[in-house]
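What follows is the residue order along each chain.
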Amino acid sequence: MRLRRSGPKGPAAAVRTGRLALAALGAGALLVACGGSNSSGGAPAAALPGANTGAAGGAAATPPAPSSTLSLAAQVGQKMFFDKNLSGSGAMSCASCHDPAHAHAPANGLSVQIGGPHMDRAGLRAVPSLRYKDVTPPYADLLDNPDGVSVPGPGGGLAWDGRADTLAAQARIPLLDPLEMANASSADVVKKLQATDYAPLIAKAFGAKAFDDSDAAFANALQALQAYQLEDKSFHPYSSKFDLYAGNKIGGALTPAEARGLKVFTNPDTGNCASCHYQGAGLGGSSALFTDFSYEAIGVPRNAGIPANNNVQYFDMGVCGPMRTDHAPAAPNAANGFCGMFKAPTLRNVATRTAFFHNGVMHSLEQVIRFYNTRDTQPELWYPTVGGTPKAKNDPGFPAYGLVTTQYTGGKVQKYDDLPAAYASNIDTQLPMDGRAAGSAPPMSEQDMADLVCFLHTLSDADTQPAAPAKPGACAN
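This one's a predicted model, so the numbers in the text were calculated from it and none came from an experiment. (Residues numbered from 1 in each chain as written. Predicted model: local features only at pLDDT ≥ 70, side-chain atom pairs only at ≥ 80, totals over all residues. Heavy atoms only, no water.)

**Some words on the side chain of Arg131**
Alright, step 1. Locating Arg131 in the fold gives a position in the loop between strand E5 (121-122) and strand E6 (140-143).
Alright, step 2. Looking at Arg131, its side chain comes within polar contact range of the side chain of Asp461, at 3.0 Å.
Alright, step 3. Setting aside residues no more than four positions away along its own chain, Arg131 makes contact with Pro100, Ala103, His104, Ser234, Phe235, Pro237, Thr346, Asn349, Asp461, Asp463 and Thr464. (Helix = DSSP H or I, 4+ residues; strand = E, 2+ residues; numbered from the N terminus. Polar contact = N/O pair within 3.5 Å; in protein donor to acceptor, adjacent residues only side chain to side chain. Contact = heavy atoms within 4.5 Å.)

**A word on the pattern of salt bridges**
Alright, step 1. Under the definition given, this model contains 16 salt bridges.
Alright, step 2. Taking the shortest distance from any N to any O, the salt bridge between Arg370 and Glu366 comes out at 2.9 Å. Remark: Glu366 and Arg370 occur in helix H9 (residues 365-374); sequence separation between them is four residues, near one turn of the helix.
Alright, step 3. For Arg370, a relative accessible area of 10% puts it in the buried group. (Salt bridge = Lys/Arg side-chain N within 4 Å of Asp/Glu carboxyl O. Buried < 20%, exposed > 50% of the residue type's maximum accessible area, 1.4 Å probe, protein only.)

**Section: the packing of aromatic side chains**
Alright, step 1. Tallied over the entire structure, the rule returns 18 aromatic pairs.
Alright, step 2. When the centroid spacing of 5.9 Å and the interplanar angle of 45° are considered together, the rings of Phe242 and Tyr245 count as tilted. Within this pair, Phe242 and its partner Tyr245 are both found in helix H7 (residues 241-246), separated by three residues, close to a single helical turn.
Alright, step 3. Between Tyr383 and Tyr416, the ring centres sit 6.0 Å apart and the planes meet at 85°, which makes this aromatic pair edge-to-face. One end of the pair, Tyr383, is in the loop between H9 and strand E10 (385-386); the other, Tyr416, is in the loop between strand E13 (412-413) and helix H10 (446-457), with 33 residues separating them in the sequence. The residues Tyr383 and Tyr416 share a single accessibility class, namely buried.
Alright, step 4. Chaining the aromatic ring pairs together yields one cluster made of Phe242, Tyr245, Phe265, Phe290 and Phe455.
Alright, step 5. Directly above the ring of Tyr139 sits Arg324, whose terminal nitrogen or CZ lies 4.0 Å from the centroid.
Alright, step 6. Over the ring of Tyr401 we find Arg370; its NZ or CZ atom is 4.4 Å from the centre of that ring. (Phe/Tyr/Trp six-rings, centres within 6.5 Å; stacked < 30°, edge-to-face > 60°. Lys NZ or Arg CZ within 6 Å of the ring centre and 35° of its normal.)

Structure (structure tokens):
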């Protein structure tokens with residue numbers, strides 16, 4: 001074991017500086033689109049690639065039968081979770097973007113989802129899965145790392161920037177966000193709840209005078225949504241192959257490829273996955289969450305498919321804003337070590353996703369892993385080249401897996417193009433993104449990456465389907 005991490009500079013100088021890269025079971029530094037909600041702004045959905053698939057794409061999520069094992073409050077939350085009438089449009093429920101059939105994540109591959117009062121507004125961030133959020137601690141600038149060794153740093157909280165400390169606080173965001181469920185006020189939500197056929201259940205759960213005080217009624221509604229997510233096992237089933245493996249149960253034996261992938265996953269000199277997505281005994285009695293609740297700045301490429309990014313002055317910088325305001329820079333481009341930092345979410349069910357990172361800029365697990373491996377060695381595959389000349393035909397062997405598929409002659413690669421240059425020093429320099437020279441050998445081999453994909457598939461719950469099934473035999477030997 002050895003300390004591998006160097007954190008950003010400035011006010012967050014203690015940010016994960018020296019995080020332990022465990023050689024035991026751990027989880028990779030693969031940031032998926034998991035966390036956060038939108039805020040005001042946005043643009044018409046027509047501007048968003050794939051927008052014709054709708055808010056959640058495909059058939060509407062099917063509500064489960066009421067469960068007598070849930071508390072009355074959780075039963076109310078279950079009703080609310082699937083109720084489209086609780087939105088300004090009357091067409092969006094919580095389940096529209098957090099479909100139980102897709103690990104409580106979107107059922108489509110859109111980078112950002114579509115909502116608003118007329119279901120025609122594009123969001124600002126990728127929608128997360130709501131699974132395995134039950135033991136997330138409140139945000140703290142200096143949260144103790146669950147590995148028990150690494151120094152404290154920014155961690156905890158819900159949403160991509162940690163601005164909600166509880167599931168109840170998080171539920172408030174989409175209900176009132178003009179780009180999501182788009183209710184004009186909390187009072188409007190309460191009026192809609194009063195008109196539902198489950199209003200008697202609300203009175204049974206929260207008392208005969210449940211609707212007398214609008215503010216209290218809304219607070220109870222948020223608590224109900226929280227209770228549902230905490231109590232219903234579907235939000236934290238622990239039913240993956242990895243869980244069978246960790247419990248030494250039948251069906252949990254890893255194939256040779258999966259076992260090799262686990263080694264890549266934990267090796268500080270290749271995948272270095274334990275450093276951010278910690279898998280061991282965690283906070284609040286948790287285990288194997290595949291996250292340490294921390295925040296990292298890795299310079300994810302700008303997503304031109306998000307309409308808000310048409311404004312060249314707009315930057316989503318995570319913990320330092322603009323959606324979160326308590327860590328904003330003192331002035332434009334003023335020193336601030338929180339800028340560019342986003343949550344390192346759980347990797348559970350990562351192989352079921354089709355939009356990755358806070359901005360959904362990538363759409364396959366393989367592409368994400370290749371980005372981690374070659375961000376520094378072949379940045380021209382991920383960031384735009386300025387001042388160069390596009391080749392009429394790419395050279396043989398020029399990779400086609402990047403975000404940039406045109407080869408250029410000359411020019412300069414605009415690395416970290418979605419972060420103001422003033423905050424480039426905040427970028428984490430931990431393997432596999434250690435800032436090695438362009439053109440040098442990347443940390444992972446082709447076999448390493450293939451095996452890592454195989455291992456990550458073992459983190460999918462039993463009720464899910466992979467977004468891109470492995471070819472027969474690919475993960476066997």
